[in-house]
Amino acid sequence: MNPTTSPADIIGEFGPYPGNAQVNGVTYDGQVVWWASNKRLNAMDPASGEIVRFLEVPAHAGTAYDGKHLYQVTEGHIHKINPETGDILSTIPAPSADDSSGLAWAEGSLWIGQYEGRKIHQLDPQTGAILRTITSNRMVTGVTWADGDLWHGTWDDDSELRRIDPHSGEVLESLTMPEGIGISGLESDGQDRFFCGGGGSGKVRVVRRPNKKR
Amino acid sequence: MDSLITAAASALAAGDPLRALNCVALREDAPALALRGIAMAQLGDLPQAQHLLKRAARVFGPKQPLAHARCVVAQAEIAFVSRELGWPVKELASAQVTLKQNGDALNAVHACHLQARRSLLLGQLDDAERLLGTVDPAPLPPIRRAAHEMILAGIAMQRLRTVPAREALARAREAAHLSRVPALKAEVAAAAQRLETPVARHIIGDHERLILLSDVEVLLASGTLVVDACRRVVRRGKVVIPLASRAVLFALARALAGAWPNDVCRTDLLRAAFQAKRVDESHRARLRVEIGRLRQLLRPLADVQATPQGFALRPRNDVAVNVLAWPVEEEHGAVLAFLADGEAWSSSALALALGISQRTVQRSLDVLAEEGKVQWFGRARARRWTASSVPGFTTIMLLPTLLPGG
């Protein structure tokens, strides 16, 4: 089956934020969008784009939220973080020391993308053990689940958002980003929006999630 | 190697650039150009030095990679000392590789240190640390070892880790002493002095005292609520609420924190927030709106409670409220607050972040630069500003290590 391809509908753009040149992982806790900028996890009001607070924790790659805690990939580890205090509650190893990209939470597991490895792993959030691996043919950046669909970002020469079959890895749908615009972190708001990190552009973009065609 | 080059090289090594110039002044071959460049750098004519070294690098070309790479390192050092941080760092990184491959380990380390200093000045602490991590300082000669420790100390101070900063400075002092270079000793002493100079006022209730960087470190780690006027944030531990671009909200937070555990009456809050001499009904309405906003932003750390007279700050978990302020009340505090994080800012980015005109920002920066509180590097649109507490580039030139055959 050929995937349906359409241009991504960018409906909002925030940043760049002075002092935070890089946007890595992105997640959403229902009130604020959290995004990682190397030294900090920033909490952004998705209505105004303002940074309302931040946590001083290392934040170099993907970010996820399990309903209570934040998870942050940084230099070969995944930290579990209390969003109220910024305390790191526990740490598990990431599947690779420097290739980890996006992070998502779904169904009691962590899902982590590997950029050069072109893979998505399902991890045991307690131990970091790899439970399952999905292979992609593109560099994988952000990963997110939305209504039972697995989406991930790709970014090498160009960038797109892809909905894939979580079992076979087959691409079911793809939204292509305009030339020169990449996706680092990715998160859905559970409704009709994706929040996309813009990597070195320092921007957070909002992309409309297409209606289901099933 | 011809005798004039050798004579010029030894004159340079002995710190006599004029004698060196006498030997090679009219020669246009590559080694002579390089030596003339180094001599001009030692004489303080950096643009001319840069020009000569560029020509030397071109004449050496790819057929003499080692000499070429040394010229690149010297050019980079002069560029950074001249505060031209836009200089192509990629060339410096590849020069480092060439030097290492050709057995010039010392200049390879020097190239690495130059990159680390640049990263430190730009606020890229992780990069600076990663670069230093590739160098083992133990076998280095004292000058290079002192430079290494100074960069480490700079990173630690930026991260507010005073114990490792102090340790690195002690090692730097020892190495500088061994090097017998007076300028280097003075530079280490000046950096160490910064750790013993008050950096802020600590205010809690009616008590106020000047505190050192190490005290700031302890206070911020104590888990109490800190309203930090130096950085214009409200914080508890690792949770930080930035208010630098929200002047009214910060003024309110500061006034409430100053009075804690008591409340502040509405009139005083209005004075603090709007500098209103006379207060009318429209001010009161605006105060209600602003307090509502502040309450919303502070929610994770504190409540802003209404009292019969006004409002009071009520931190969560019953922690104490502290205020940190500049040692002297600072007119251009908003600009300094942004620079206090160690990042390098353009004036246009500052204007954007502060929501004020670029001319106003520029005026503040000029005043602060005159007082030695901020420093700049780069030209025109590439100009960036940092707080002077960020260790910059020194004028210590280690160019004689570049000598042909050296």
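Residues numbered from 1 in each chain as written. Chains lettered and ligands numbered in written order. Predicted model: local features only at pLDDT ≥ 70, side-chain atom pairs only at ≥ 80, totals over all residues. Heavy atoms only, no water.

### Looking at the sheet that holds strand E18 (residues 171-176) of chain A
Residue and element names in this part refer to chain A. If you walk across this open sheet you meet the five strands as E1-E18-E17-E16-E15, and the pairing is mixed. Whereas interior strands pair on both sides, the edge strands pair on one side only; in this sheet they are strand E1 (4-7) and strand E15 (140-146). Geometrically, the sheet is characterised by an average inter-axis angle of 20 degrees between neighbouring strands, direction not taken into account. Where strand E17 (residues 159-164) and E18 come together, five bridges link them in antiparallel fashion. Looking at E18, one finds that Arg162 is bridged to Ser174. (Pairing = 2+ DSSP bridges. Helix = DSSP H or I, 4+ residues; strand = E, 2+ residues; numbered from the N terminus. Axes fitted to C-alpha atoms, helices over the stretch in contact; angles between N-to-C directions.)

### Thoughts on the interface of chain B and chain A
Accessible area lost upon the coming together of the parts serves often as the stated size of an interface. Taken residue by residue, the interface counts 17 residues in chain B and 18 residues in chain A. Interface area for chain B against chain A, summed over the two sides, is near 1,500 Å², with a carbon-plus-sulfur share of 50%. Arg235 of chain B serves as the salt-bridge partner of Glu56 of chain A, at 2.6 Å between the closest nitrogen and oxygen. One can count five residue pairs in polar contact (both at pLDDT 80 or more) joining chain B with chain A. Listing elements by their share of the side of chain B that touches chain A, those giving two or more residues are strand E4 (233-236), strand E5 (239-242) and helix H17 (347-354) of chain B. In terms of residue count, E5 of chain B provides more of the side of chain B that touches chain A than any other element does, four residues in total. (Contact = heavy atoms within 4.5 Å. Buried area = accessible area lost by both parts, 1.4 Å probe. Salt bridge = Lys/Arg side-chain N within 4 Å of Asp/Glu carboxyl O. Polar contact = N/O pair within 3.5 Å; in protein donor to acceptor, adjacent residues only side chain to side chain.)

### Points about the layout of surface pockets
Each pocket or cavity is described by its volume, and for the second largest pocket that value is around 640 Å³. Forming the boundary of the second largest pocket are 22 residues, of which Val32, Val52 and Arg53 of chain A together with Gln296 and Leu297 of chain B lie nearest the centre. Per-element tally for the lining of the second largest pocket: the top contributor is helix H15 (residues 281-298) of chain B, with four residues. (1 Å grid on protein atoms, 1.4 Å probe; cavity = no way out; pocket = protein on both sides within 12 Å on 5 of 7 lines; lining within 4 Å. Points joined across faces, edges and corners; volume = space filled by probe spheres on them.)

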